[in-house]
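Here's the letter readout for the chains.
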Amino acid sequence: MPSSYTTNKNIEKPALNSYVDTWNTPVNDDWDIIDAAFGATTYFNVTAQTGTIVLTDADYQPAFFDFSGVLTDNVTYEIPAGIGGQWTVRNTATGAYVLTISSAGGGTSLALDSGNSIVFCDGTNVRLQCATDDDTGAGPKLVLDGKLAPVSKKRQWWVFWR
């Protein structure tokens, strides 16, 4: 019986007796994926990118996305259909074009503003959960009914830990 894999992070679930005396191979690989999901970063340089770029397992498994460079055209980074998750995103890309995160599931997509944000995908739709300080110093923001709402510095902890 072949191994099966988890939906969102593609972690291998070895079948019974499939790794006799070599079980460490899938287990170690799985723990590397789990570790990345808690704290690794995927760095994307948007310079000279164009069109839609489909993310690989190694791209979307980490917890953090960091976009930088100069946009020379509109570019969309696409999460494969059926893949859900939450990512902290830092966008320092510049240029007069739009940087978007979408899902191949065909639902909503998200045009990223500069600064930091938390992005959620349910396998079909990509949504903004929270945005933090941007370069304008406008302060943290909370998403309410799909709209950004400013949050006072006193309530900043609520945005992230509620």
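Please refer to the structure placed before this passage.
Given the structure is predicted, the values throughout are model-derived calculations rather than measurements. (Residues numbered from 1 in each chain as written. Predicted model: local features only at pLDDT ≥ 70, side-chain atom pairs only at ≥ 80, totals over all residues. Heavy atoms only, no water.)

1. Thoughts on the pairing of strand β8 (residues 99–103)
Looking down a regular strand, the side chains alternate between one sheet face and the other.
Then step 1. Within β8, five of the five residues are buried, leaving the element largely enclosed by the surrounding structure.
Then step 2. Burial along β8 is two-sided: the face carrying Leu-99, Ile-101 and Ser-103 and the face carrying Thr-100 and Ser-102 are both buried.
Then step 3. The pairing of strand β6 (residues 75–79) with β8 spans five bridges and is classified as parallel. Looking at the pairing, Tyr-77 lines up with Ile-101 of β8.
Then step 4. Where β8 meets strand β9 (residues 110–111), two bridges bridge the pair, whose relative direction is antiparallel. By the bridge assignment, Ile-101 is partnered in β9 with Leu-110.
Then step 5. The turn joining β8 and β9, which pair antiparallel and follow one another in sequence, is formed by six residues; a positive phi near 90° is taken by Gly-106. (Buried < 20%, exposed > 50% of the residue type's maximum accessible area, 1.4 Å probe, protein only. Helix = DSSP H or I, 4+ residues; strand = E, 2+ residues; numbered from the N terminus. Pairing = 2+ DSSP bridges.)

2. Thoughts on helix α1 (residues 24–39)
Then step 1. End to end, α1 covers 22 Å across 16 residues, agreeing with the expected 22 Å (1.5 Å per residue, within 8%).
Then step 2. Residues Pro-26, Asp-30, Ile-33 and Ala-36 constitute the buried set of α1. Projected down its long axis, α1 shows its buried positions confined to an angular sector of 120°, all on one face. Exposed and facing more than 90 degrees away from the buried side of α1 are Trp-31, Asp-32, Asp-35 and Phe-38. (Expected span 1.5 Å × (residues − 1). Arc of directions from axis to C-beta.)

3. Focus: the pattern of salt bridges
Then step 1. Summed over the entire model, instances satisfying the criterion amount to one salt bridge.
Then step 2. One salt bridge connects Arg-90 with Asp-66, and the closest N-O pair in it is separated by 3.3 Å. Of this pair, Arg-90 sits in strand β7 (residues 84–91) while Asp-66 sits in strand β5 (residues 64–68), and the two are 24 residues apart along the sequence.
Then step 3. By relative accessible area, which is 12% here, Asp-66 ends up buried. (Salt bridge = Lys/Arg side-chain N within 4 Å of Asp/Glu carboxyl O.)

4. Focus: the sheet that holds strand β4 (residues 51–54)
Then step 1. The strand order across the open sheet formed by four strands is β4-β6-β8-β9, and the pairing between neighbours is mixed. Strands at the two margins of the open sheet, each flanked by one partner only, are β4 and β9.

5. Considerations on the nonpolar core
Then step 1. One finds Phe-65 and Phe-67 to be the most contacted residues of the largest nonpolar core, which totals 21 residues.
Then step 2. For this core, the secondary-structure elements that each account for two or more residues are β5, β6, β7, β8 and β10 (115–122).
Then step 3. Here the element with the most residues in this core is β6; it accounts for three residues.
Then step 4. Beyond its immediate chain neighbours, meaning those up to four positions away, Phe-65 contacts Thr-42, Phe-44, Leu-55, Asp-59, Tyr-60, Trp-87, Thr-88, Val-89, Arg-90 and Ile-101. (Core = buried A, V, L, I, M, F, W, Y, C linked by side-chain atoms within 4.5 Å. Contact = heavy atoms within 4.5 Å.)

6. Here we look at the packing of aromatic side chains
Then step 1. The final tally for this structure, using the stated rule, is six aromatic pairs.
Then step 2. Aromatic side chains Phe-44 and Phe-65 sit 5.5 Å apart centroid to centroid with 90° between the ring planes, which places their arrangement in the edge-to-face category. Of this pair, Phe-44 sits in strand β3 (residues 41–45) while Phe-65 sits in strand β5, and the two are 21 residues apart along the sequence. Exposure class is identical for Phe-44 and Phe-65. Each is buried.
Then step 3. Ring centres of Phe-65 and Phe-67 lie 6.3 Å apart, and the angle between their planes is 80°; this geometry places the pair in the edge-to-face category.
Then step 4. Exposure remark for Phe-65: the relative accessible area of 2% places this residue in the buried category.
Then step 5. Taking the relative accessible area as the measure of exposure, Phe-67 reaches 1% and is therefore buried.
Then step 6. Put simply, the rings of Phe-44, Phe-65, Phe-67, Tyr-77 and Trp-87 touch in pairs and so form one group of aromatic residues. (Phe/Tyr/Trp six-rings, centres within 6.5 Å; stacked < 30°, edge-to-face > 60°.)

That's the geometry; what it means functionally is another story.
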